[in-house]
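Descriptive structure summary
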Amino acid sequence: LAHAGGNALLAYVLAALAYHLLALTGVSFYDRLGSGDLATGIARSLAFAVLVLAAAAVLNRARVHLKV
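Our subject in this report is the structure included herewith. Position labels on residues start from 1 in each chain and follow its written sequence. Residues qualify for local features only when their pLDDT is at least 70, as the model is predicted, and side-chain atom pairs are given and counted only at 80 or more; totals for whole chains, interfaces and linings, by contrast, use all residues. Each side-chain value is worked out from all heavy atoms of the structure, with water and hydrogens disregarded.

1. Overview of the environment of Ala57
Note on conventions: DSSP H or I runs of at least 4 residues are helices, E runs of at least 2 residues are strands, and numbering of each starts at the N terminus. Tracing the backbone through its elements, the reader meets Ala57 in helix α4 (residues 38-61). Residues Ala57 and Leu10, spaced 47 residues apart in sequence, show a C-alpha to C-alpha distance of 9.5 Å.

As structure tokens, then:
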């Protein structure tokens, strides 16, 4: 988490980018995962957050940084 938290703006942009890429590619299973019960929605959110933070950590190690 320290590597991903070192550049929170990158993680924020990656989350938005991933969501829009899912919409553009027409992936429909992701939306259905949140339409069930509360536990399924929470699990979907946690899995998405872990994937975004892992991607941000990998990009931080590759010295990709966003600055305002």
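2. Some points on the nonpolar core
Here, the term nonpolar core denotes a set of buried Ala, Val, Leu, Ile, Met, Phe, Trp, Tyr and Cys residues that are joined through side-chain atoms within 4.5 Å. Categorising residues by exposure relies on relative accessible area from a 1.4 Å probe, with only protein chains included: less than 20% of the type maximum marks a residue as buried, more than 50% marks it as exposed, and the intermediate range marks it as partly exposed. The biggest cluster of nonpolar side chains holds five residues, and these are Leu10, Ala11, Leu14, Val52 and Ala56. Listing elements by their share of this core, those giving two or more residues are α2 (8-25) and α4. Sort the elements by how many residues they give to this core and α2 lands first, with three residues. The contact definition used throughout considers only heavy atoms, calling two residues in contact when any of these lie within 4.5 Å. Aside from chain neighbours lying at most four places away, what touches Val52 is Ala11, Leu14 and Ala15.

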